[in-house]
Amino acid sequence: WLSPERRRRDGSRKWTRFPEDVLPVWVADGDAAAPPAVRDAVAVAAAAGIYGYADPSPDLLEKVRASLARSYEVDDVPAAWLRWHPGLIPALYHAARLAGPTGAVVCPTPVYPPFLNAARDSSQCVEVDLGHDGGPLDLPALEAALDEAAALAAEGAEVVLLWCNPHNPTGRVWRRDEMAAVASACAARNVILLSDEVWSGLIFDEAATPFTPLGRVAGDDLRWISITSPSKTFNVAGLDLALGVVPDDALRRRYFRAGRDQAEITAAGYAALGAVLDDESDEPGGSCFLTPPRGACETWRRELVELLRANRDRAVSFLESECSDLLTVAAPAESTYLLWIDARKLHRSPGLFLEKKGVYLTDGGAFSARGFVRLNFCCAPETLEEALQRIGAACAE
């Protein structure tokens, strides 16, 4: 774990946004140093001494295609399907633009705020409350929202569903049958489905809740886009690289045109992904694109998951034993390093209230969930403990 002093010195937004007497456990930025293989690859890219426009190398493209084919359980993923992005958020906006002002974008809530921003900025937004408890899919509610969006959209305009798996902020890992049901519901209505899968490498019990990529359950009748990135699993969000997969030719051309204004991807971002996918084994591996079975970063990833599981369990235990009168752990966090907390009994604006008490959590208002807060537990245990103690003191007060 990097120290708060080191993170402030390096200009971390997480650690410099607030005064030093406020402990930040908010934005989804971890305090773990990136894997050695990633740091080495980025250092090589930096040492090149020229920082012009970059494209993925043929070697990286082969690694990407092989890892996607393993993840999707298919023989091949053509390079033509790929669309590189400088992060997830541009991809959300490009997908929402496919609907445009006369179409509609469906956003299950609560959800990562850029989903709602992209929908509202680009189209007509239809929200559907899928609950705060990280529980099973409410398929009738989702289907009703898709139908509402179709009725709202002008004739000939598109409807887009922005999906998140694993889910931010509840940590729900959608089951295979749930992902298949979402895909089927969209296909039946000719809805474009985008699945954000950037958290897929941080699942706490891969045997009980295995990740199911959209590409594994999507039928030929579905128009779909899948977005993945090493950003969260390997703590490289600042390198600004995400990867879109768009199999449908006509959709892909429109999606490309919608994103002509996006920024460039840096050589360092490509280098980091190459290090993550560096694997010489022929083993089948799991369903996550980011976890080749003998990858150069796989040992590091597994160790991080163990540390995060311990932090999650400590946070849940503390909140349940010390703060249960005012705070409730809303969802069990099957994945991610984010804990979704019901703070409606604490204060009408719990994020602001807790900030004044010396600890900053992300307020749920931007997630369309006023009264909730999101805690980031990707930090040193002593940092988490201090944050919990401050939360506990605020509740006691």
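Here is what the cut-offs are and how they apply
- Residues numbered from 1 in each chain as written.
- Predicted model: local features only at pLDDT ≥ 70, side-chain atom pairs only at ≥ 80, totals over all residues.
- Heavy atoms only, no water.
- Helix = DSSP H or I, 4+ residues; strand = E, 2+ residues; numbered from the N terminus.
- Expected span 1.5 Å × (residues − 1).
- Contact = heavy atoms within 4.5 Å.
- Phe/Tyr/Trp six-rings, centres within 6.5 Å; stacked < 30°, edge-to-face > 60°.
- Lys NZ or Arg CZ within 6 Å of the ring centre and 35° of its normal.
- Buried < 20%, exposed > 50% of the residue type's maximum accessible area, 1.4 Å probe, protein only.
- Arc of directions from axis to C-beta.
- Pairing = 2+ DSSP bridges.
- Axes fitted to C-alpha atoms, helices over the stretch in contact; angles between N-to-C directions.
- Parallel < 35°, antiparallel > 145°, perpendicular 65-115°, else oblique.
- Left-handed = near helix turned anticlockwise from the far one by under 90°.

Visitor: What is the right way to look at helix α8 (residues 176-189) in this model?
Guide: Residues that lie three or four places apart on an α-helix share one face, since the helix turns once every 3.6 residues. In this model, α8 (14 residues) spans 20 Å end to end at C-alpha, consistent with the 20 Å of a helix rising 1.5 Å per residue. As for α8, its buried residues are in contact with α7 (139-152), β5 (159-164), β6 (192-196) and α9 (214-217). Immediately downstream of α8, the backbone of N190 shows phi near 60°, a positive value.

Visitor: Explain the packing of aromatic side chains here, please?
Guide: Two descriptors summarise a pair of aromatic rings, namely the distance from one centre to the other and the angle between the planes of the rings. Tallied over the full model, the rule gives twelve aromatic pairs. By way of ring pairs, the aromatic residues F18, W26 and Y360 are connected into one cluster. One Lys or Arg, R83, reaches over the ring of F256 and ends 4.7 Å from the middle of that ring.

Visitor: I would appreciate a short explanation of helix α10 (residues 249-258) in the present structure.
Guide: The complete set of buried residues in α10 reads L251, R252, Y255 and A258. End-on, the buried residues of α10 take up no more than an arc of 120°, which puts them together on one face. On its buried face, α10 is in contact with β2 (82-85), α5 (88-99), β6 and β7 (224-228).

Visitor: Please explain the sheet that holds strand β12 (residues 362-363) as it appears in this structure.
Guide: Backbone-to-backbone hydrogen bonds pair the strands of a sheet. The strands run either parallel or antiparallel. Taken together, the four strands give an open sheet; going across it, the order is β9-β10-β13-β12, and neighbouring strands pair in antiparallel fashion. Taken across any chain shown, the strands that pair with only one partner, and hence form the sheet edges, are β9 (328-329) and β12. Here strand β10 (residues 338-342) runs beside strand β13 (residues 372-376); their pairing, made up of five bridges, is antiparallel. In the strand pairing of β13, L338 is matched with N376. Contacting β9 and β10, helix α12 (residues 298-322) crosses the sheet at an angle of about 15° to β10.

Visitor: Looking at this structure, I do not really get the packing of helix α4 (residues 58-72) against helix α11 (residues 267-276). What am I missing?
Guide: The geometry of α4 relative to α11 is characterised by a closest axis approach of 10 Å and an angle of 50° between their N-to-C directions. Comparing the axis directions of α4 and α11 gives the class oblique. Where α4 crosses over α11, the handedness of that crossing is left-handed. Here L60, K63 and V64 of α4 come into contact with α11, specifically with Y270, L273 and G274.

Visitor: What am I meant to see in the pairing of β5 here?
Guide: Consecutive residues of a regular strand have side chains that alternate between opposite faces of the sheet. Of all six residues in β5, six are buried, a share of seventy percent or more. Residues V159, L161 and W163 line one face of β5 and the alternating positions V160, L162 and C164 line the opposite face, and both faces are buried. Taken together, the five bridges between β5 and β6 define a ladder with parallel strand orientation. By the bridge assignment, V160 is partnered in β6 with I192.

Visitor: Looking at this structure, I do not really get unusual backbone geometry. What am I missing?
Guide: A negative phi angle is the norm for most residues apart from glycine, just as the trans form is the norm for most peptide bonds. Omega for the bond connecting T109 with P110 falls within 30 degrees of zero, at 0°, which places this linkage in the cis form. Note that P110 resides in the loop between β3 (104-109) and α6 (113-122). The step from N165 to P166 runs through a cis peptide bond, and the omega angle for that step is -5°. In this structure, P166 sits in the loop between β5 and α8. At N190, a residue that is not glycine, the phi angle is positive and equals roughly 60°. As for its position among the elements, N190 is in the loop between α8 and β6. Of note, the phi angle at T336 is positive, near 70°, even though the residue is not glycine. Structurally, T336 can be placed in the loop between β9 and β10. On the basis of relative accessibility, which here comes to 0%, the residue T336 falls in the buried class.

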